[in-house]
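Each chain, written out:
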Amino acid sequence: MEHGDHAPAQSHGDHGGGGGHEGHTVDHTGHEVMFRRRFWVSLALSIPVLIFSPTLQSWFGFSLPAFTGSQWITPVFSLVVFAYGGVPFLRMAVPEIRERTPGMMTLISLAITVALVYSLAALVIDPQGGFFWELVLLIDVMLLGHWLEMRSVRQASGALNELAKLMPDTAERVQDDGSVQEVGVGELAAGDIVLVRPGASVPTDGEIVEGSSSVNESMITGESKPVDKAPDSKVIAGTVNGDGSLRVRVTATGDETALAGIMRLVDQAQKSKSKTQLLADRAAGWLFYIAVAAAILTAIAWTIGAGFSVDVISRVATVLVIACPHALGLAVPLVVAISTSLAARNGILVRDRRALEEARLIDTVIFDKTGTLTLGRPSVSSIVAADGFDEHELLDLGASLEKGSEHPIGAAVLLAGRERELGFRPVAGFEALAGHGVEGRVGRTDDPGAPARAVVIGTARLMAERGVDLGPLAAAQAAAEADGRSAVFIAVDDRAAGLIVVADRIRPEAAGAVRALAARGIQAWLVTGDGRATAEAVAAQVGIPVDRVLAEVLPGGKADAIEALQAAGRRVAMVGDGINDAPALAQADLGVAIGTGADVAIEASDITLVGGDPRLVASSIALSRRTMRVIHQNLFWAFGYNVLLIPIAMGVLYPAFGITLNPAMAAGAMALSSVSVVLNSLRLRGFDARPVGALDPAA
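Remember, predicted model here, so these are calculated numbers, not experimental data.

### Points about the overall build of the protein
Working step 1: When you go through the protein residue by residue, the secondary structure sums to 26 helices and 22 strands.
Working step 2: The buried share among the 699 residues of the protein stands at 53%.
Working step 3: Considering only contacts within the protein whose residues lie at least 6 apart along the sequence, 69% involve residues at least 24 apart.
Working step 4: Accessible surface for the protein amounts to roughly 29700 Å². Of this, 57% is attributable to carbon and sulfur atoms.

If you want it as structure tokens, here you go:
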């Protein structure tokens, strides 16, 4: 047996068979090789059948000289083609028959068996009446169709293999003595330090402890622009380091890495079946009964009308050939395989194919705030300097002092200083005042011999305790808090020096995400546990109306808010990233997790946006709409041929118009149907799922 023949019964699971095997893993690569080889061999063996066919010689006006045994060339070569190219279809029909779920394989088997039996009988009854040539062409077309299907599905499913190729086999582990040892990735453990050289792939998930660089994460997130990385930044296994050398502390290995999780989601999506595909599977089973009934009626009607003859068997075979639902088997799985892999390449991971089908119906999208529309970490939004000070000096002092702080606001001040290459002054007497702020003595770079300056950063209460008059900064503080931002004071030598305003920075893509949804007639809502002033400030910046803002909502209240919208008849998608978003993600008609968020949120979602770009919500809905449009077109082509041509094959037009079909014409029509479905499905590959600020509403 050739590669791929080891489990032929499994291949029908994705071909539109009658169900019962959807949990099986289908070896598309093995079946592609098998069908390809059998097609070419069968096609070569079919050439003598065609050349020596009396019917074709008559049609095309040529003849070949007879010689001893020449009359056996056509039947013998046809039997070989049937045994080599046709028998695999019979084997694949066995599980359908055994489980009483007849489908496409049963129909194909019935059609080619009837054709063979009729042609063999014709050798005795009517030597000119057989249609061996139609039999071999039918088998060739079936093999070609299945080869093309397996090839297309394999190519469409290639995202999983491409993801696997991203993982390096080895890593350079830094030993306790500072030396570097090359080890297998499987030998790494959490806490190990690995060296990632310029241009190398990151071997595992981790956190940078030394070095800075830009990392290409496009293979994971779909974002082509390299991401700058510095100490404390997280890196993902499989991404590619830029020009800098990095030392990374391992945080996850093996199946725990983000890439492994992505591969599981892609694999799960490719194994799942949508409602439309399940419907198509059931339709294939019903088509078997319709075909058998039509064949029986054809045999009875033509026998009554003209008496039993080989012509009756020919018409019965034609009906069975027309009924083969090969195109129906392609109509749904091929499109969904293409769309899920297309989505994965652009940072959209579909956990279940049903999600891709349901997304097109969404008319309301609820966004969580922190980590979804915002970056989820505080950053310095502005600095207000008092008289006698400037922003540059205040940030330099603040960043220098905050080097010793672990508070999120301190990290925001330090990051702002690093971005401007500030914050390198010497600090003495640093002290963190829990719940209040930090203080210390910061050296002077303009006059190293001058005494260090006493710097305090913290709350108004801390400043009051230090006797600092905040009057000049009161108006700036009120304005910041009215916009939902936090403000910390900085005092220098017991004098109010300024105000550092800190806020959770809005994602640069957030406003574009809301505009893209609005362009498709989809409402965007904001739900958050933060206060109303903060929530409304964020909503105003991204373009969400105030009447669609739900503030001060407890975690359980998010699910309740979604349920209320659903009760009003709306189809709701929830977009979130935190553990407290998991109940809402599960309640929503479509749960969308920001891939940079908590694992539990990702597990509770239907779709994951790997790079965290909220504009991909609109892209997901657009891809869903395009996918379903192509599927519906495919079903039209698949069923249209059957509905139109089965009655013609039965002979309903013969009494009035003298029109009938023979098996060859039936095989050609079936092939045309399959080609139509394949070409229409491949159109989906041109869909651009990349996030843009304002997507085309017609997509």
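After presenting the structure, the write-up continues.
### Observations concerning the side chain of Thr 627
Working step 1: For Thr 627, the position within the fold is in helix H24 (residues 616-650).
Working step 2: You can call Thr 627 buried: its relative accessible area is 1%.
Working step 3: Among the polar contacts made by the side chain of Thr 627, one reaches the main-chain carbonyl oxygen of Leu 623 at a distance of 2.7 Å.
Working step 4: Thr 627 has contacts with Val 335, Ser 339, Leu 356 and Leu 684, leaving out every residue within four places of it along the chain.

### Some remarks on the nonpolar core
Working step 1: Core analysis: the biggest nonpolar cluster contains 52 residues, and Val 365, Leu 517, Ile 544 and Val 617 have the highest contact counts within it.
Working step 2: The leading source of residues in this core is H24, at 10 residues.
Working step 3: When neighbours within four sequence positions are excluded, Leu 517 is seen to be in contact with Val 365, Phe 367, Ile 522, Ala 524, Val 617, Ala 618 and Ile 621.
Working step 4: Ala 111, Leu 116, Trp 133 and Trp 147 belong to the second largest nonpolar core, which has 51 residues in total.

### Some points on the pattern of salt bridges
Working step 1: On inspection of all chains with the given rule, the structure shows 15 salt bridges.
Working step 2: We note a salt bridge from Asp 368 to Lys 558, for which the minimum N-O separation is 3.0 Å. Of the two residues, Asp 368 sits in strand S11 (residues 364-368) while Lys 558 sits in helix H21 (residues 555-567), which places them 190 residues apart along the sequence.
Working step 3: Of the residues examined, Lys 558 reaches a relative accessible area of 3% and is grouped as buried.
Working step 4: The shortest N-O distance in the salt bridge between Arg 453 and Asp 493 comes to 3.6 Å.

### So, the sheet that holds strand S3 (residues 193-196)
Working step 1: As summarised here, the arrangement of the six strands in space is S2-S1-S3-S9-S4-S7, forming an open sheet in which the pairing is antiparallel. Each edge of the open sheet is held by one strand with a lone partner, namely strand S2 (180-184) and strand S7 (234-235).

### Notes on unusual backbone geometry
Working step 1: In the Ramachandran plot, Asp 493 falls in the positive-phi region, its phi being about 55 degrees despite a non-glycine side chain.
Working step 2: Positive phi, normally seen in glycine, also occurs at Asp 494, with a value near 65 degrees.
Working step 3: What makes Asp 494 exposed here is its relative accessible area of 57%.

### Digging into the packing of aromatic side chains
Working step 1: A complete count under the given rule lists five aromatic pairs for this structure.
Working step 2: Ring centres 5.7 Å apart and planes at 70 degrees place the aromatic pair Phe 636 and Trp 637 in the edge-to-face group.
Working step 3: When its relative accessible area of 34% is taken as the criterion, Trp 637 is described as partly exposed.
Working step 4: Positioned above the aromatic ring of Trp 302 is the side chain of Arg 315, whose terminal nitrogen or guanidinium carbon lies 3.8 Å from the ring centre.
Working step 5: A cation sits over an aromatic face here: Arg 315 above Tyr 654, 5.7 Å from the ring centre.

### Re the pairing of strand S15 (residues 453-458)
Working step 1: Within S15, five of the six residues are buried, which leaves the element mostly enclosed by the surrounding structure.
Working step 2: Sheet analysis places strand S14 (residues 437-442) next to S15, joined by six bridges and oriented antiparallel. Residue pairing in the sheet places Gly 437 in a bridge with Gly 458 of S15.
Working step 3: Relative to strand S16 (residues 486-492), S15 runs antiparallel, the two being bridged by four bridges. Within S16, the residue paired with Gly 458 across the bridge is Phe 489.

### Re the confidence of the model for the protein
Working step 1: Scored by pLDDT, the protein comes out at a mean of 78, with 79% of its residues at no less than 70.
Working step 2: Low pLDDT, under 50, characterises residues 1-28; the stretch is placed with 71 contacts to residues that sit more than four places away or in other chains.
Working step 3: Confidence drops under a pLDDT of 50 for residues 693-699, and excluding neighbours within four residues, the segment shows 20 contacts in the predicted structure.

### Quick look at the packing of helix H15 (residues 391-401) against helix H16 (residues 408-419)
Working step 1: Look at H15 against H16: their axes get within 8 Å of each other, and the N-to-C directions meet at 120 degrees. On the basis of their axis angle, the class for H15 and H16 is oblique. Here H15 runs over H16; the crossing is left-handed. Across the interface between the two elements, Leu 395, Gly 398 and Ala 399 of H15 pack against Val 413, Leu 414, Ala 416 and Gly 417 of H16.
Working step 2: Looking at the contact of H15 with H16, its residues break down into five nonpolar, two polar and no charged.

### Focus: the pairing of S14
Working step 1: Judged from the five bridges that link them, strand S13 (residues 427-433) and S14 form a sheet pairing that is antiparallel. The residue of S14 that forms the bridge with Glu 431 is Glu 439.

### A short note on the sheet that holds S16
Strands belonging to one sheet form pairs held by backbone hydrogen bonds; the direction of such a pair is parallel or antiparallel.
Working step 1: Spatially, S12-S17-S16-S15-S14-S13 is the arrangement adopted by the six strands of the open sheet, whose pairing is antiparallel. If you trace the sheet from one side to the other, it starts and ends with strand S12 (374-385) and S13, each paired once. Strand-to-strand twist across the sheet, computed as the mean angle between neighbouring axes with direction ignored, equals 20 degrees.

### Regarding H24
Working step 1: Here H24 spans 51 Å end to end across 35 residues, near enough to the 51 Å set by a 1.5 Å rise per residue.
Working step 2: Gly 651 sits one or two residues past H24 and shows a positive phi near 105 degrees.

### Some thoughts on a nonpolar patch on the surface
Working step 1: Together, Trp 72, Val 76, Leu 79, Val 80, Leu 120, Leu 123 and Val 124 line one region of the surface with nonpolar side chains, adding up to about 620 Å² of accessible area.
Working step 2: Only helix H3 (73-98) and helix H4 (104-125) provide two or more residues apiece to the nonpolar patch.
Working step 3: Topologically, Leu 123 is positioned in helix H4.
Working step 4: By relative accessible area, which is 33% here, Leu 123 ends up partly exposed.

### Quick word on the environment of Val 33
Working step 1: Looking at where Val 33 falls in the secondary structure, it is placed in helix H1 (residues 28-51).
Working step 2: For Val 33, a relative accessible area of 15% gives the class buried.
Working step 3: Residues Val 33 and Trp 147 lie 114 residues apart in sequence; the distance between their C-alpha atoms is 7.8 Å.

### With respect to the side chain of Ser 681
Working step 1: Along the polypeptide, Ser 681 turns up in helix H26 (residues 663-682).
Working step 2: Under the relative-accessibility criterion, Ser 681 is labelled buried at 0%.
Working step 3: A polar contact of 2.8 Å, which involves the side chain of Ser 681, links it to the backbone oxygen of Val 677.
Working step 4: In contact with Ser 681, other than residues within four places in its own chain, are Leu 334, Val 335, Ile 338, Val 630 and Asn 634.

Reading the values: rules and limits
Residues numbered from 1 in each chain as written. Predicted model: local features only at pLDDT ≥ 70, side-chain atom pairs only at ≥ 80, totals over all residues. Heavy atoms only, no water. Helix = DSSP H or I, 4+ residues; strand = E, 2+ residues; numbered from the N terminus. Buried < 20%, exposed > 50% of the residue type's maximum accessible area, 1.4 Å probe, protein only. Contact = heavy atoms within 4.5 Å. Areas by Shrake-Rupley, 256 points an atom, 1.4 Å probe, with all protein chains shown as cover. Polar contact = N/O pair within 3.5 Å; in protein donor to acceptor, adjacent residues only side chain to side chain. Core = buried A, V, L, I, M, F, W, Y, C linked by side-chain atoms within 4.5 Å. Salt bridge = Lys/Arg side-chain N within 4 Å of Asp/Glu carboxyl O. Pairing = 2+ DSSP bridges. Phe/Tyr/Trp six-rings, centres within 6.5 Å; stacked < 30°, edge-to-face > 60°. Lys NZ or Arg CZ within 6 Å of the ring centre and 35° of its normal. pLDDT = per-residue confidence, 0-100. Axes fitted to C-alpha atoms, helices over the stretch in contact; angles between N-to-C directions. Parallel < 35°, antiparallel > 145°, perpendicular 65-115°, else oblique. Left-handed = near helix turned anticlockwise from the far one by under 90°. Nonpolar A, V, L, I, M, F, W, Y, C, P; charged D, E, K, R; others polar. Expected span 1.5 Å × (residues − 1). Patch = residues over 30% accessible without salt bridge, like charges linked within 9 Å, V, L, I, M, F, W, Y side chains within 5 Å.

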